[in-house]
Amino acid sequence: MTTSQDATFAPGSRIVVRDEEWLVRSAKTGTADGTMIKAVGVSEFVQDVEATFFTALDEDIQAMRPEETVLVPDTSSRFRQSRLFLEAVLRRTPLPRTERGLALADRFLLDPLTYQQRPVELALSGLRPRILLADVVGLGKTLEIGLILAELIRRGRGDRILVVSPQQVLEQFQRELWTRFAIPLVRLDSTGIQRIQQEIPAGRNPFTYFKRAIISVDTLKDAGQFGHHLDATAWDVVVIDESHNLINKGTKRNELARRLAAKTDALLLASATPHNGNRESFAQLISLLDPAAIANEKEYEAKDIAHLYLRRTKISPEVRDQIGDRWADRGPSQAVHCQASPLEEQIFDELTDVWLAGKWSDEAITGQHRLFPYTLLKSFLSSHRALHETVTNRRKKATGTERVALDRLAELTSAMTDRDSSKLRKLVEELKKIGVGKGSDTRAVVFSERVPTIKWLADVVPGLLGLKPNAVRVLHGGIADQDEQKILQEFELAGSDVRLLFTGDVASEGVNLHQQCHHLIHYDIPWSLIRIEQRNGRIDRYGQKHQPQFRALILNSDREDAKDDRTVSQKLLEREENAHRSLGSVEAATGQFDAKAEEDRLVRDLLNGKTVDESYEAAHAEIDVMADLFGDVGTAPVAADVPQARVPKLFDSTQNFVDAALYEIYEDRPEDHIDLRREDELLTFLAPDDLVHRLTDLPRSYLRAHREGEDLRLKVTFDRTLAQRKLDQARQSKTPMWPEIAFLSDVHPMVDWLVDKVLIRLGRQQAPVLTADVTAPTYLIQGVYANRLGQPTVVQWMAVSGLPAAPEIRPMDEVLREANVGPSMVNRAEAVALEPLRQLLPQAVDAARDYLEGKRAEWAKANAEPLRKYRQQLTRFQQASLFDELPAPHREKRRQRVDATVQEQRDLLDRLETDGDPLLRVLAVLVPSPESAA
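These figures come from a predicted structure and were not determined experimentally.

**Q** How should I be thinking about unusual backbone geometry in this particular structure?
**A** Across residues other than glycine, the phi torsion is negative in most instances, and most of the peptide bonds are trans. Backbone torsion omega between Leu803 and Pro804 reads 0 degrees, so that peptide bond is classified as cis. Even without a glycine there, the phi angle at Asp680 is positive, about 55 degrees. Look at Ala829: it is not a glycine, yet its phi comes out positive at around 55 degrees. Examined against the element boundaries, Ala829 turns out to sit in the loop between helix H32 (812-818) and helix H33 (834-880). With a relative accessible area of 52%, Ala829 lands in the exposed category.

**Q** Explain the packing of helix H20 (residues 529-536) against helix H21 (residues 569-583) here, please?
**A** Geometry of a packed helix pair, given as the angle between the helix axes and the separation of the axes. H21 packs onto H20 with a crossing angle of 65 degrees between their chain directions and a minimal axis gap of 10 Å. Like other packed secondary-structure pairs, H20 and H21 cross with a definite hand, here right-handed. The residues of H21 that touch H20, namely those facing Leu529, Ile532, Glu533 and Asn536, are Leu572, Leu573, Arg575 and Glu576. Per-class residue counts for the contact of H20 with H21 are 4 nonpolar, 1 polar and 3 charged.

**Q** Would you mind showing me how to read the sheet that holds strand E30 (residues 914-928) here?
**A** Within a sheet, each strand pairs with its neighbour through backbone hydrogen bonds, oriented either parallel or antiparallel. Strand order in the open sheet made by the 6 strands is E7-E26-E30-E27-E28-E29, with mixed pairing throughout. Each of the sheet's edge strands pairs with one partner strand only, and the pair in question is strand E7 (70-73) and strand E29 (808-811). Pairs of neighbouring strands in the sheet enclose a mean axial angle of 35 degrees, with direction left out of account. Here 8 bridges tie strand E27 (residues 778-787) to strand E28 (residues 792-801), and the two strands are oriented antiparallel to one another. Of the residues in E28, the one forming a bridge with Gln782 is Trp797. Running at roughly 140 degrees to E30, H33 makes contact with E7, strand E26 (766-772), E27, E28, E29 and E30 of the sheet.

**Q** Would you mind going over H21 with me for this structure?
**A** For the α-helix, the turn length of 3.6 residues means that residues three or four positions removed from each other point alike. The end-to-end C-alpha separation of H21 is 20 Å, in line with the 21 Å expected for 15 residues at 1.5 Å each. Residues of H21 that are buried: Ser569, Gln570, Leu572, Leu573, Glu576, Glu577, Ala579 and His580. Just downstream of H21, Gly584 is the residue with a positive phi angle, here 85 degrees.

**Q** Please explain the environment of Leu431 as it appears in this structure.
**A** Within the secondary structure, Leu431 is located in helix H17 (residues 422-434). Placed 13 residues apart in sequence, Leu431 and Ala444 show a C-alpha to C-alpha distance of 7.8 Å. Not counting residues up to four positions away in its chain, the partners in contact with Leu431 are Val436, Ala444, Val461, Leu465, Leu500 and Ile521.

What counts and how
- Residues numbered from 1 in each chain as written.
- Predicted model: local features only at pLDDT ≥ 70, side-chain atom pairs only at ≥ 80, totals over all residues.
- Heavy atoms only, no water.
- Helix = DSSP H or I, 4+ residues; strand = E, 2+ residues; numbered from the N terminus.
- Buried < 20%, exposed > 50% of the residue type's maximum accessible area, 1.4 Å probe, protein only.
- Axes fitted to C-alpha atoms, helices over the stretch in contact; angles between N-to-C directions.
- Left-handed = near helix turned anticlockwise from the far one by under 90°.
- Contact = heavy atoms within 4.5 Å.
- Nonpolar A, V, L, I, M, F, W, Y, C, P; charged D, E, K, R; others polar.
- Pairing = 2+ DSSP bridges.
- Expected span 1.5 Å × (residues − 1).

Function cannot be read off these values alone, since they describe shape.
Shown next, in the form of structure tokens:
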């Protein structure tokens, strides 16, 4: 054995610590305490215990020397033990950094679409997987993130995952990752946080207690509660959804993003509105991904960010050609005109003659006060209830003429009844027209910007439609996070009683409402194309089976100079539709990339006498620079296919591996040990305690649903059709529930558990001997070079034969194929002379080592080439950062910041260089069968 001071470690290898044997899961060099080794116990007293060791602290860590490998004959039927062991080593070994192809592209419960795999290709092409996914609303960014996470898990670079998202999509995100990819995340909403505090020791870092978690950005940004824990935690992957909310420097969210970016290898940012139109603020967002990508925040080009950024629309060629019938084309946006009632006309008169005419104050109206009349107008265009609340709040501090004017509005709004609301009457008519009502399954979502409007509609509309109270749900920013998630789930469930969802724009970002709904009504229209597009994207998204139908209630006044909904809202409705059909997104038509900034600009232009058309035409002229920049990113011609990884395997499918592993582990009687039952493509069994432990990140509701008394019965399948049907059935239920049957992907915890179980079937540093169609003893040896982070840069699977006189090295998979190593083998249990094989073992190891050393320079060059290019980029960044127009004191401060950034990145590059000697491991020995020898 080799001591920890001079050893290297690789996933899947065995180590001895404190006289107990452990299986290495991952190894990372260069920490303050030496190499960090994560392992799971193998020997009796530590079996299945997870542990972390550091070579500087545990000096008695002993790695196995390949020359000391113990050869043991394989007596299992069809050499099942050997084939499983080799497959498990192949699965446990991370793919090298130089392998850019996808290994698991088609192994999940989703349509294998190239455009959704393209972000994975981009993420794997860089030094580190750090990209901004900026696809427009509805293209499936969550699925793209799931594909990237799965690939990183397969590469040994996705063990610790943190997802940060808006609170309303926590459960939606968690469900998608589990049901589609079998990646479990513990949900840390307010209920989850309370559970943590009850279950873990006081003062314990919750982010070391859970390996994979999802938490809301608003919960996590509280530095006082979590800051010190975040600073003490390293992640393999951090995902930040709706990342445009991070842009504003100096905010808690921006500070949180910078904290997390510094503590993770992979960083995935996602946003359909990735920037606010300001080059400097977008450059700051990009700096989270690559601090040396942009030297001058005021001047940069598309090529500077092309390795970090990807944006497609529904009309992008690759997307358009693939979505087919998986996304129904949207219908027209219908303007439903509502003629103002007499009382509403009086309010229009008051707003036009007093407020918009500037006669509401005795003093000069300047600054923000100029905007208040438009606040009143927008409130009224929402509802008289919203206007009444706005007036009531303003009256508390108003005096003089303003107070009198507010009193008049208060009088008019108080006089209005529900019968005086023309929008309410039209809303009920439209809902009846589309079929929402008693005994109907039709659903609709109604959006409004104003909470008083939402609450009022939820109170009065059900009765007018003959709906019971339980058929309506209300969602706005004042609702607790766990209630938000429950409401959204209920609306998505086909079997629930919910038919109407009244919601504010809290549901306009990231929320899926398309599973059971294709009708959306804008009760009022946001004065922002971005917000209209976000709303429409809730039902107009990938997976929508019916044509999305949009309606907007447009309040009309008989007064020609009244600024009714035709003045702004109807024009914006038309602009959004035109931009969607011609450009795929409103981005190029807005002149802004932030909804609030877009609305503020429009109001200022209206105050200055411009029309809506004039405002947007002027804005479009101002955004040429940003349009040029982003128009060239992510839209270039793409290859027909995403490259696929070449991964050796001994089993035709994961299903065959799982079946064989279960029978090997339970000695051909899994039915007796874990009550395994088979029904066509369905497997059900009682999960052993060590597998249950790996599922603790899942919600308790999920685990409770699978309980049989004290036991957990798992139901899994490899059949996509069955899994999808069960997922659809879960959506048909009356209450939120998880699918009864899980799809067994390659990264499912059960597969991971079986891999470990197979690896520990052999004793300490043992390698099996099996007969096969070879002409001479052939040693199967794994060789790995790694960088200082413990990531493999070279992985070689070698078959060594021709010993002792003329050693020959060939690819292992090629030799296994020629030797017919597979399920058709017959094990006649012939006696094998082991001593001659043991004598040749050191020579086989030496031959493999010499081969690796001979190829080292070639492989090192391939690994070093991207590092060399990035070093050149750092030099250019350092030189270009010190532009002359900065005053001398500022230039010096900037120079110091740039130097620190460059040094930090160079240190990272040093850690990515191939380092040290190769780790060699003897996996098995093939010897000639009697037929081959003859």
